[in-house]
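Chain and residue survey
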Amino acid sequence: MPRVKDTRTLDLFDVPTPAPELPGTMDYRAHVAHMTSEMLRGTLLDRYEIAARASRLTGKDVSKNMLDAYASDAREDHNLPFYLVAALEVVCESHALTAWLADMRGGRLLIGREALNAELGRLERSRDEASKRIKQLKGIMGAGDHE
């Protein structure tokens, strides 16, 4: 009988750790610009359509030129505003920036079924620990009946 892969238990040795908090090491402008560029390129939409859809989602004007500036590491004075990240991810069908931020802070982004599997695994571990403790207590109580 083939083994069923356990998709609910996280790898104990793959523990996310936050980025080091050293002075001058957390200027991620160029990295965010590069990830933004990759996210914009990873869709079949052109930047004009991405800008139009992001504008509709946010209710703020987002132009193709703004997207070009946000995606250029040479344009340090034009950083991607945080309020626009979720809208761009929706339009580009991506979670790249959100996952990166979670990773930088020592976390891991779980979406949809992954999130449900993680919660189910956590609840099953809690249930198993509670069952084990119940057995221990019953064993202690049962041993006291013979004294």
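Residues numbered from 1 in each chain as written. Predicted model: local features only at pLDDT ≥ 70, side-chain atom pairs only at ≥ 80, totals over all residues. Heavy atoms only, no water.

1. Details of the overall build of the protein
Across its full length, the protein carries six helices and zero strands. The buried share among the 147 residues of the protein stands at 23%. Surface accessibility of the protein: about 11,100 Å² in total, with carbon and sulfur atoms responsible for 57%. (Helix = DSSP H or I, 4+ residues; strand = E, 2+ residues; numbered from the N terminus. Buried < 20%, exposed > 50% of the residue type's maximum accessible area, 1.4 Å probe, protein only. Areas by Shrake-Rupley, 256 points an atom, 1.4 Å probe, with all protein chains shown as cover.)

2. Some details on the packing of aromatic side chains
Enumeration according to the criterion identifies one aromatic pair in this entry. Residues Tyr-28 and Trp-100 carry aromatic rings whose centres are separated by 5.3 Å and whose planes lie at 85° to one another, so their mutual orientation is edge-to-face. Of this pair, Tyr-28 sits in the segment before helix H1 (29-41) while Trp-100 sits in helix H5 (residues 96-104), and the two are 72 residues apart along the sequence. Among the residues examined, Tyr-28 registers a relative accessible area of 23% and is labelled partly exposed. Among the residues examined, Trp-100 registers a relative accessible area of 16% and is labelled buried. (Phe/Tyr/Trp six-rings, centres within 6.5 Å; stacked < 30°, edge-to-face > 60°.)

3. Notes on the environment of Tyr-70
Among the structural elements, Tyr-70 can be located in helix H3 (residues 64-70). Each C-alpha atom of the pair Tyr-70 and Ala-33 lies 5.8 Å from the other, and the pair is 37 residues apart in sequence. In this structure Tyr-70 touches Ala-33, Thr-36, His-78, Asn-79, Leu-80, Pro-81 and Leu-84, once residues within four positions along its chain are discounted. (Contact = heavy atoms within 4.5 Å.)

As far as function goes, none of this settles anything; it's purely spatial.
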